[in-house]
Amino acid sequence: QGITGTISDGDGVPLIGASILVDGTTSGTVTDIDGNFTLEVPANTETMTISYTGFETMSVPVIVGQKVYDITMLEGSTSLDEVVVTAQGIERQKRELGYSVATISGDEVGTVRETNVVNSLQGKVSGVQISQQSGNLGGSTKILIRGVNSLSGNNNPLWVVDGVPIFDNNVTTGSQITGGFDTGNRAQDINPDDIESISVLKGANAAALYGSRAANGAIIVTTKKGGKGNRANITFNSTYRADTPLRLPDFQNEYAQGTNGRYDLDNLNGWGPRIEGQQVENLGGETVALQAYPDNVKDFYETGSTLINNLAIGGGSEKSNYRFSATALNQEGIFPGSELDRITLGLNAGQKFDQKISSSFGINLVRTTSGGRVAQGGNDPNVLVPIINGFPRNLDLNQIRNYIDESSGVGEQLNSLSETTNNPYWVALENQFNTEVDRVFGNFALTYEPLFWLSFTGRLGVDFIADNRFRSNRKGTLGRVQGDFTDDRIEQRQLDYNFLATAGNNLTDDIFVKAIVGFNYNTRVFERLQNQAVNLTVDQLFSTGNAEVNNVSNSFSERRLFGVYGDITFTFRDYLSLNLTGRNDFSSTLPLDNNSYFYPSAGLSFIFTDALKIDDGILSFGKIRTSYAEVGGDTNPYQLAFNYFPQTTAFGQFGTGTSFPFDGRLAFSGPGTIPPEALRPESVQSFEIGTELQFFNGRFGLDFTYYNVTTEDQILAVPIPESTGFSFQRLNVGETSNKGFEITLNLTPIKTEAFTYNSLITFTRNRFVVEALSPGTDRLVINSGFNSLQIVAEPGESFGLYANTFQRVEADSSLALADQRVLVSSETGLRSAGDNERIGDVFPDFIAGWTNNMTFKGVNLRFTFDYRQGGLLFSNTVADLRSSGLAAETAIGRDGSFIDRGAFIEEADGTVRPNDIPVTAQAFWQNYSDGGITEYSIFDASFIKLREIALNYTIPSSVLSKVPFQTITLGVEARNLAILYSEIPHIDPETNLFGSASDGAGIEFNSPPTTRTFGVNLRLGF
Amino acid sequence: DDQLDINENPLAATQVDANLLFPEILVNFSNIRESELDARIGTIPQYYEPAFGVIGDYALGLRSNTFLMGNVWSNIYTNVLKNSGLLERTALEAEPGTRNNIIAQAKIINGLAYWQATMLWEDVPYTEAVDFVTQLPKFDSQESILRNIAADLATAVSLIDEGSAKIESGDLVYDGDMDLWRRAGNSLRMKILMYIANKDEGSVSGDIAALAAGPLLETADQNAQLSYLDAPGNYNPYWNILNNFANGVNPTWYIASEASFNLISSLDDPRLSVYYDESEDAATVGTGDFGPVSSPGTFNGFGRTAAILSSTLIRPDRPDTYIVASETQLLKAEAILRGLASGDAQAAFEAGIRASINEYDGTDREVADSEVSAYIESLGSLDSKSDNAALLAVRQQLYIANFERLPDGWSEWRRTKVPTLQAPSGSQVSGVVRRFFYPPDEVGANTNAPSPKALDAPMWYEN
């Protein structure tokens, strides 16, 4: 009997290459480019099994006489026979894995397309914390899997695309504290439209074969390949989105600029008189009636826009496949003049040859240009956000829109806000920070299969980034009146070579063995050439010859690593699997006599429902798994020797630094970090145990994992007292642990022909503990240097955030800080400085995500919430808004009768009474939000966000018979929609000054606001 | 293994010549003093009232700017003292006696840096600091630090011998002139002994007497200083603030403070028109009326008519003066008046005044020698005054000579309390600020850091 049919997904999109197996036989087929199949089935056939990666495997009854089968497959991470891509591009049955892996389909990433692919993972994977670092176009996103393993700040997972590692680093131009630019983590170069699937390998267990770089987990991206069938599969996808600031500060609108109630144009704040229409001089020198402009900050921002167009062509035959994709992304930001454009070309192709040889290659060309990214931090004239947030409430934006006079041939700044504060339009439009990133990454693989059980694969991966950055201060910029520009050219190269041999065969009828041995060579080069050209003669001429001084500096580093590895898996009757691995690395960054380190792993998976033949209609699948792994680690290049470094500049506050040669003399300096003696490799030990359970035929799925990861001998540059002459010392340090559990719940409460409702809940609880420090040390400052804020490691505790606090009543000192009564001076009624105290833990208590997916006929609705509980954030923006009298809360008690009711006064006899001394609101808030006392600018960082909503409608194919399209999907989408809960006033709690490269968690310093996005999406299939 | 033997930084050196380390030490030390101290804290000893950023807050607020404190601390320890320590260590590893001058040069700058540190924070790490061994250096008392610096300077001067190697091309101070280094070393030592004498004359009077006999710095052209240049990249950072923000002129950002202006004005001192510019107000230009001045802690530009610090004082090639003849000679005059040394107090007094005014030779405010002599004459001889009046005259001259040498002027004021200063208006401490708080980074990392004292708590060496 011959049957035919079509297999499609819930949206009606045909699935190419879905497999159909006639149960009880070895015959089967796969669907073609249109999702069609034709199959000959024996007469006695009862069922056939339909499977496709990323979808639930189905059993379809074969009914005598029925010739046509139209089958809709359901997406799901619950698929039992799912194949996942693991380390070294090795595909494994998920059921045989001894560790937890999360897989996300390309659709989930692509539905609401993000400029930075990392953002689209938010809330969807347990054990993973993803935080956007700022609202800048192309800004970075931090991804942390199972907490921080390393105290060094390098906790980012390894990114792997089609079997080869790529760079995901975030190199900043300028200091992040004094006016740096977040140029983004480079995983953002991966085009969401080209992603077939993403596997998140959590932690050392999954990633043992990648070595130390994957000690923090690995994110394995598989790109889309052309399907089979000699028909071109063409898709066109177009998205348009509009961006507005998600949250702007709440301002008071009652008081003008000035001090102590007196109007003063020179003070950019809100401590002036009540706004009552009195006559004052404005910025333009006119006498006007004083009035508030409540929307002046909001009106400064523009509506950003994003246009993403993708065209992909794919196809292939039995022996070859091919896919080409072109994507254009054009983005305009919310800051005037900010834009980002990206063009991505991707090509994947594969060919099977007759001599048991097959090869494949993939190449991605990405060109990203951006302009007008906003600086963060302080001390730089281009840090824009405090200028904007600092608008006096009586500032009429129309007064400053005219920002330049070009009539003289040299642009002269108009309407600067004060003698030291630039017109923000001047900063935004004349002092742009421009980037041009050209990137090529790709892979080539050759496989030879001499015997059915034996294959050899060689794989070459390359990644090349040319990152050219340019920033300028136009002549006339307050703070850089003479004008300057900086060229920053960064080049990164990575070459990765893997050779592996795979053998797999049945040992007995019951035992299957698969063994892999491999060799890996990896080399990475980082080169940088920077020039700062100071004092320009001709306006707007950015030639080094036009500058009075050029400060050139360069840097270079190279590292190499050799690794040999082996992997063997025994599978007993398909339900019991044992996996053993081992790897030995040789790293160029460690001492030559101690540069080799070995690390093993073992994993066990047991599907007890199969073994015990449980199938009672309630529990349909049950697996328990456990694994143990070790990973060794090296360090960065050139850390071992005591070196003297040639100096090009000497620091001076406010950009007044000098350059060398100074009066013709060169200068060298000793290192800032004491180099290590007898450095040892780091060691991470990771244990996990978990279970995957499915009930009611997969309608309810539970994935639970408990893990315990211990890191020993971390190689760390530890901040030491500067009175030693050094800022850091590099050491093997102590021991830390991350213990936690992850839960993924997959619920399908409703599943009918017409309507499906699926809900995915992820929950992650990680407890980080410093188990021990180096002998004799009971306290280690991990990160510091910022307004007295310090992240401190103490044995038995998580990282604590320490800050300068206000003075407390001595008698309360045994209480928690929050319960101790604050003292004010009996003379001034103001709080005074106390000690540097632990405010709380830096890391969140737990994070959770909730994704809902509803499909009704052709309509699909998806929405995601995410929730972070605990942790701390210091906000400089909030502190500034308060001390400048602009925040809404500062409008209270302006008549001088303000009493700090939360505080107490100590009497001469030591007793304490409630404070009753009135002060001015200005004195209170300037004292309360003082730069040196950060206690009250630190907030609980918890939040709940409505992360994304997408509504898609697929036009039924019956309607489409008259148009040349096979599928049409229309969608509306929104991202970062709303903050449903937050303890932090005025700003989006999800931000971090230090960008993805650091764990300086929880510091906000003039970050651009994050954006809320609404968009529409059209997808056409030909 | 050859493939892995690539871990040597191709852009760094494993050893360097002393001439390459010295400029790093000197330029960084001066940059921090000019951009953080001279440019910003003049309101404390009331040489000027500043409009700019945190400067005003320092005296007014109970706390101060943590960046300012942190930057100065970090600069002194991780730049100046580390590199001078490396310089000295490297020199000591050479064959004994061959690098004595280098050791002397390093020790004198080392002493200057520690003097700076103890003048800002009183007790600071000294004996265990920058020793390349101790992880948590203990904080030493100011008394022991001052005595140790003095002893170290004596050693430095005794090491100077023309036969051994010296830093020449990297010596931005004296180009390797060891006679001048000897004078500078002696002068700094005498100053430090005078600080100790403030508390305990007996223990140092002999040494002061010996030092007063010389050789000391005698004239302005012998001053130990880092000369900035009127060239981009080599500008004095103090002026460069104005350059960056205000086209290189002082738009009433630094205005005259009552205490210093009135003293200089009352003595009819020719430095009045060296230190101040007349207001911009058309009605007063050329009249000799400088415009209104500010009382302590109240910055008031009077609508741009206030008397401002002059464009000679804040200029691109203004040197950062480390150890100067004017202060040295005036201290010597004081020592003689107090009977700590023998000699001609009047001659030292005159030499000090002359050296101070001569610091501006070559600028557009150069004062003619005859005018200087006339001024000195107008002050009357010290012999004609009572003991107290004579001492006051010398100390007033010290205050005037240290105008805009903030690290020295502030320190001297704390020693002499001349002139009498009022607590700045609106200040949250009742007295004049005497110290910085310790920077939070050091406090956080070093458990030996003492608990903070009030900003107006006197230091050990004060009376």
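Please refer to the structure placed before this passage.
About the criteria used
- Residues numbered from 1 in each chain as written.
- Chains lettered and ligands numbered in written order.
- Predicted model: local features only at pLDDT ≥ 70, side-chain atom pairs only at ≥ 80, totals over all residues.
- Heavy atoms only, no water.
- Helix = DSSP H or I, 4+ residues; strand = E, 2+ residues; numbered from the N terminus.
- Rg over C-alpha atoms; globule rule 2.2 N^0.38 Å.
- Buried < 20%, exposed > 50% of the residue type's maximum accessible area, 1.4 Å probe, protein only.
- Contact = heavy atoms within 4.5 Å.
- Areas by Shrake-Rupley, 256 points an atom, 1.4 Å probe, with all protein chains shown as cover.
- Axes fitted to C-alpha atoms, helices over the stretch in contact; angles between N-to-C directions.
- Parallel < 35°, antiparallel > 145°, perpendicular 65-115°, else oblique.
- Left-handed = near helix turned anticlockwise from the far one by under 90°.
- Nonpolar A, V, L, I, M, F, W, Y, C, P; charged D, E, K, R; others polar.
- Buried area = accessible area lost by both parts, 1.4 Å probe.
- Salt bridge = Lys/Arg side-chain N within 4 Å of Asp/Glu carboxyl O.
- Phe/Tyr/Trp six-rings, centres within 6.5 Å; stacked < 30°, edge-to-face > 60°.
- Core = buried A, V, L, I, M, F, W, Y, C linked by side-chain atoms within 4.5 Å.
- Pairing = 2+ DSSP bridges.

Considering the overall build of chain A
Here comes step 1: In terms of regular secondary structure, chain A is built from 9 helices and 63 strands.
Here comes step 2: Its C-alpha radius of gyration of 31 Å places chain A within 12% of the 31 Å reference for a compact globule of 1022 residues.
Here comes step 3: Projected onto the principal axes, the alpha-carbon positions of chain A cover approximately 95 × 70 × 65 Å.
Here comes step 4: The buried share of chain A, taken over its 1022 residues, is 60%.
Here comes step 5: The long-range share in chain A, meaning contacts at least 24 apart out of those at least 6 apart in sequence, stands at 69%.
Here comes step 6: On chain A, roughly 37,300 Å² of surface is accessible, and the fraction owed to carbon and sulfur atoms is 55%.

A word on the packing of helix 9 (residues 258-266) of chain B against helix 14 (residues 387-401) of chain B
All names here are of chain B.
Here comes step 1: Interaxial distance between helix 9 and helix 14 falls to 11 Å at its minimum, and their mutual angle equals 120°. Compared by their axis directions, helix 9 and helix 14 come out oblique. Here the hand of the crossing between helix 9 and helix 14 comes out left-handed. Facing Ala 259, Ser 260, Leu 263 and Ile 264 of helix 9, the residues of helix 14 in contact are Gln 396, Tyr 399 and Ile 400.
Here comes step 2: Looking at the contact of helix 9 with helix 14 residue by residue, the classes come out as 5 nonpolar, 2 polar and no charged.

Describing the interface of chain A and chain B
Here comes step 1: Contacts between the two partners involve 83 residues from chain A and, on the opposite side, 81 residues from chain B.
Here comes step 2: Taking both partners together, chain A and chain B bury about 6,700 Å²; carbon and sulfur atoms supply 57% of that area.
Here comes step 3: The tally of links from chain A across to chain B stands at 1 salt bridge.
Here comes step 4: As a salt-bridge pair, Asp 175 of chain B and Arg 665 of chain A come within 3.5 Å of each other at their nearest N and O atoms.
Here comes step 5: At the level of secondary structure, the elements contributing two or more residues to the side of chain A that touches chain B comprise strand 33 (511-536), strand 34 (547-572), strand 35 (576-587), strand 38 (645-646), strand 40 (658-659), strand 41 (668-669), strand 47 (780-786) and strand 49 (800-806) of chain A.
Here comes step 6: If one sorts the elements of the side of chain A that touches chain B by residue count, strand 34 of chain A sits on top with 9 residues.
Here comes step 7: When the residues that make up the side of chain A that touches chain B are grouped by side-chain class, the tally is 34 nonpolar, 37 polar and 12 charged.

Focus: the packing of helix 5 (residues 142-159) of chain B against helix 6 (residues 178-197) of chain B
Residues and elements named next belong to chain B.
Here comes step 1: Contact geometry of helix 5 with helix 6 gives a least axis separation of 9 Å together with a crossing angle of 160°. When the axes of helix 5 and helix 6 are compared, the pair comes out roughly antiparallel. Between helix 5 and helix 6 lies a crossing whose hand is left-handed. Residues Leu 146, Arg 147, Ile 149, Ala 150, Leu 153, Ala 154 and Val 157 of helix 5 form the contact with helix 6, whose own contacting residues are Arg 182, Gly 185, Asn 186, Leu 188, Arg 189, Ile 192, Leu 193, Tyr 195 and Ile 196.

Looking at the packing of aromatic side chains
Here comes step 1: Inspection of the entire model under this criterion finds 59 aromatic pairs over all chains.
Here comes step 2: With centroids separated by 6.3 Å and ring planes inclined at 55°, the aromatic side chains of Phe 755 of chain A and Phe 856 of chain A adopt a geometry described as tilted. In this pair, Phe 755 of chain A is assigned in strand 46 (residues 755-772) and Phe 856 of chain A in strand 52 (residues 846-856), connecting sequence segments 101 residues apart.
Here comes step 3: Residue Phe 755 of chain A is classed as partly exposed on the basis of its relative accessible area, which comes to 24%.
Here comes step 4: The partly exposed category is assigned to Phe 856 of chain A, whose relative accessible area is 43%.
Here comes step 5: Considering the side-chain rings of Tyr 48 of chain B and Tyr 254 of chain B, the 5.3 Å spacing of their centres and the 90° angle between planes classify their relative orientation as edge-to-face. Taken together, the positions of Tyr 48 of chain B in strand 1 (residues 48-50) and Tyr 254 of chain B in strand 5 (residues 254-256) put the pair 206 residues apart, joining distant regions of the chain.

Side note on the pattern of salt bridges
Residue and element names in this part refer to chain A.
Here comes step 1: If you walk through the whole model with that rule in mind, you get 76 salt bridges over all chains.
Here comes step 2: The residue Lys 623 makes a salt bridge to Glu 692 at a minimum N-O spacing of 3.4 Å. Taken together, the residues Lys 623 in strand 37 (residues 619-633) and Glu 692 in strand 43 (residues 682-695) connect sequence positions 69 residues apart.
Here comes step 3: The class of Lys 623 is buried, set by a relative accessible area of 0%.

Topic: the nonpolar core
Here comes step 1: Counting residues in each nonpolar core, the largest one holds 158 residues, and the members touching the most others are Tyr 77, Trp 121, Tyr 254, Tyr 276 and Tyr 322 of chain B.
Here comes step 2: Ranked by residues supplied to this core, first place goes to helix 4 (residues 100-121) of chain B with 14 residues.

Notes on the sheet that holds strand 13 (residues 158-161) of chain A
The strands making up a sheet associate through hydrogen bonds between their backbones, and the pairing can be parallel or antiparallel.
Residues and elements named next belong to chain A.
Here comes step 1: Taken in spatial order, the 5 strands line up as 10-16-17-13-14 in an open sheet, and their pairing is mixed. On the outer flanks of this sheet lie strand 10 (101-105) and strand 14 (164-166), each paired with one strand and no other. Ignoring strand direction, the axes of neighbouring strands in this sheet form an average angle of 25°.
Here comes step 2: Note: strand 16 (residues 195-201) against strand 17 (residues 218-223), 6 bridges, orientation antiparallel. In the strand pairing of strand 17, Ser 199 is matched with Ile 220.

Quick look at the environment of Leu 817 of chain A
Residues and elements named next belong to chain A.
Here comes step 1: Here Leu 817 lies in the loop between strand 49 and strand 50 (822-824).
Here comes step 2: Remark: the alpha-carbon pair of Leu 817 and Ile 343, spanning 474 residues in sequence, is separated by 53 Å.
Here comes step 3: Residues in contact with Leu 817, not counting those within four places in the same chain, are Thr 805, Arg 808, Glu 837, Arg 838, Ile 839 and Glu 935.

Details of the side chain of Arg 183 of chain B
Here comes step 1: Here Arg 183 of chain B shows up in helix 6.
Here comes step 2: Contacts of Arg 183 of chain B, omitting those with residues within four sequence positions, involve Pro 215, Leu 216, Leu 217, Glu 218 and Gln 222 of chain B.

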